[in-house]
Amino acid sequence: MERRNAVSSVRHWALVPAAGIGKRMGSAIPKQYLPLAGRPVIAHSLATLMDYPRIAGVVVAISAEDERWPMIATELTAAKPLRVVTGGAERCHSVLNGLEALHAWAAPSDWVLVHDAARPCLTAGDLDRLLVELANDPVGGLLAIPVRDTLKQADAAGRIMATVDRSHLWHALTPQMFRLGILHETLRAALARGLLVTDEAAAMEAAGYAPRLIEGRADNLKITRPEDLALAEFYLAHRAATG
Ligand code: CTP
Ligand code: MG
């Protein structure tokens, strides 16, 4: 009973970086606003977090030039606090702005789950696994999947130099879940050193922490290139059909 109280008093917050332009997607509008199974990509990503009971509130980082956000905001259920901050030049700057805003609500020991707006296929089941597995973890961790393909290291001319042992290699996904205070500190320190980290785990690693890898679903893909949208559509349709 005592243990359960200790766990439940810690709150979980979501932070969604959504201030990118989606260069690799090559579309006229940023990829997080492209239609996917009847609504914009970001609406799927946010709905999973907004509907998840153990998330206390959500912070979204959007671009200063973003004109599409108001449309999304009106469609979301306002069951919990949803706050918007302005993003930055790189994903890590957007996340830092979000962490700063979170201090208004959250305690340094609260958990923050950073989740890409461009990952619309996140499931409540993967959130369950992340929260359960990391509940008593001193560092935190992230959803990830083991690398499946054979990996090649190339030279500058595009010829294979070596086959890389993949047995210990993982793809880092999101959410990535860390304590607000420590993540804020490590991300600030990384940026101060000029490290433009591409995920939260890298900021933690740079400070000497070893985040835990929690195996997640392979269909939690990030919309990056045009063909990813059709795949995400297929996954969502399949889930709708099978329940
Ligand atoms: N992101 C952000 N602020 C930035 C850059 C990215 O909040 N300055 C967000 C994106 O909106 C996305 C997530 O970080 O939800 C993952 O980044 P990525 O897939 O790289 O998106 P983009 O940077 O938009 O795409 P690209 O790299 O192809 O330009
Ligand atoms: Mg990017």
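Okay, so let's go over this structure. As the structure is a computational prediction, the values presented were derived from the model and not from experiment. (Residues numbered from 1 in each chain as written. Chains lettered and ligands numbered in written order. Predicted model: local features only at pLDDT ≥ 70, side-chain atom pairs only at ≥ 80, totals over all residues. Heavy atoms only, no water.)

1. Let's talk about the overall build of the protein chain
Rules: Counting from the N terminus, the helices are the DSSP runs of H or I reaching at least four residues and the strands are the DSSP runs of E reaching at least two. For this measure, only C-alpha atoms enter the radius of gyration; the expected value for a globule follows 2.2 Å times N^0.38, where N is the number of residues. Exposure classes here rest on a 1.4 Å probe applied to the protein chains alone. A residue is buried below 20% of its type maximum, exposed above 50%, and partly exposed in between. The contact criterion used is simple: two residues touch if any of their non-hydrogen atoms lie within 4.5 Å. The Shrake-Rupley method, run with a 1.4 Å probe, gives the accessible areas here. Residue values count only the displayed protein chains as cover. The charge count treats Lys and Arg as positive and Asp and Glu as negative. His and the chain ends do not count. The location of each charge is read from NZ of Lys, CZ of Arg, CG of Asp or CD of Glu.
Secondary structure assignment for the protein chain yields 8 helices and 11 strands. Taking 2.2 N^0.38 as the reference for a compact globule, 243 residues should give roughly 18 Å; the C-alpha atoms of the protein chain span a radius of gyration of 18 Å, in line with that estimate. The C-alpha extent of the protein chain, read off along each of the three principal axes, is 55 × 40 × 40 Å. Counting across all 243 residues of the protein chain, residues that qualify as buried make up 46%. Relative to all contacts within the protein chain whose residues are 6 or more apart in sequence, the contacts with residues 24 or more apart total 73%. For the protein chain, the accessible area works out to roughly 12,400 Å², and carbon and sulfur atoms hold 54% of it. Counting 26 positive and 26 negative side-chain charges, the protein chain places the centres of these two groups 2 Å from one another.

2. Things to note about the site of ligand 1
The cut-off we apply is this: A cutoff of 4 Å decides nearness: a residue is near a molecule or strand if any of its heavy atoms lies inside that distance of it. Gly is placed with the polar residues, together with every amino acid not listed as nonpolar (Ala, Val, Leu, Ile, Met, Phe, Trp, Tyr, Cys and Pro) or charged (Asp, Glu, Lys and Arg).
Neighbouring residues of ligand 1: 19 residues in total, closest Gly 22, Lys 23, Arg 24, Lys 31 and Ser 94. For ligand 1, the accessible surface in isolation is 560 Å², of which the surrounding protein chains cover 89%. Listing elements by their share of the shell around ligand 1, those giving two or more residues are strand 1 (12–18) and helix 4 (91–102). A per-class count over the shell around ligand 1 returns 7 nonpolar, 5 polar and 7 charged.

3. Thoughts on the pairing of strand 6 (residues 111–114)
For clarity, the cut-off: For two strands to count as paired, DSSP must find a minimum of two bridges between them.
Residues of strand 6 alternate between two faces, with Trp 111 and Leu 113 on one and Val 112 and Val 114 on the opposite face, all of them buried. Where strand 1 and strand 6 come together, 4 bridges link them in parallel fashion. Residue pairing across strands places Trp 13 opposite Val 112, the latter belonging to strand 6. Two strands pair when backbone bridges link them, and strand 6 and strand 10 (residues 170–179) are joined in this way by 4 bridges, in the antiparallel orientation. Following the sheet pairing, Trp 111 is matched in strand 10 by Arg 179.

4. Details of helix 8 (residues 226–242)
Selection rule: Multiplying 1.5 Å by the residue count of a helix minus one yields the expected span of that helix. It is the directions from the helix axis to the C-beta atoms whose arc is reported.
Between its first and last C-alpha, helix 8 extends 26 Å over 17 residues, near the 24 Å set by a 1.5 Å rise per residue. Residues of helix 8 that are buried include every one of Asp 228, Leu 229, Ala 232, Leu 236 and Arg 239, and no others. Taken end-on, helix 8 shows its buried residues confined to a sector of 105°, consistent with a single buried face. Away from the buried face of helix 8 by more than 90 degrees, exposed residues Glu 227, Ala 230, Phe 234, Ala 241 and Thr 242 are located. Elements in contact with the buried residues of helix 8: strand 2 (35–36) and helix 2 (41–51).

5. A word on the environment of Glu 233
Tracing the backbone through its elements, the reader meets Glu 233 in helix 8. Once the C-alpha coordinates of Glu 233 and Val 147 are considered, the two residues, 86 residues apart in sequence, prove to be 23 Å apart. With residues near it in sequence (within four places) discarded, Glu 233 still touches Leu 36 and Ala 37.

6. Some details on the packing of helix 4 against helix 6 (residues 180–192)
We count it as follows: Angles shown run from 0 to 180 degrees and are taken between the N-to-C directions of axes, each axis being a line fitted to C-alpha atoms and, for helices, limited to the stretch in contact. Working rule for angles: under 35 degrees goes down as roughly parallel, over 145 as roughly antiparallel, 65 to 115 as roughly perpendicular, anything else as oblique. A crossing counts as left-handed when the near helix is turned anticlockwise from the far one by less than a right angle, and as right-handed when that turn is clockwise.
Contact pair helix 4 / helix 6: the axes reach a minimum separation of 10 Å and the direction vectors enclose 140°. On the basis of the axis angle, helix 4 is oblique to helix 6. Like other packed secondary-structure pairs, helix 4 and helix 6 cross with a definite hand, here left-handed. Of the residues in helix 6, those in contact with Cys 92, His 93, Val 95, Leu 96, Leu 99, Glu 100 and Leu 102 of helix 4 are Leu 180, Leu 183, His 184, Leu 187, Arg 188 and Leu 191.

7. Description of the pattern of salt bridges
It is possible for side chains bearing opposite charge to pair when their charged atoms get close. For the record, the criterion: One speaks of a salt bridge when a side-chain nitrogen belonging to Lys or Arg is within 4 Å of a carboxyl oxygen belonging to Asp or Glu.
Throughout the structure, instances matching the rule amount to 8 salt bridges. For Arg 129, the salt bridge identified is with Asp 126, shortest N-O distance 3.2 Å. In this pair, Arg 129 and Asp 126 both sit in helix 5 (residues 124–134), 3 residues apart, roughly one turn of the helix. For Arg 129, a relative accessible area of 35% gives the class partly exposed. Take Asp 126: its relative accessible area is 1%, and that puts it in the buried class.

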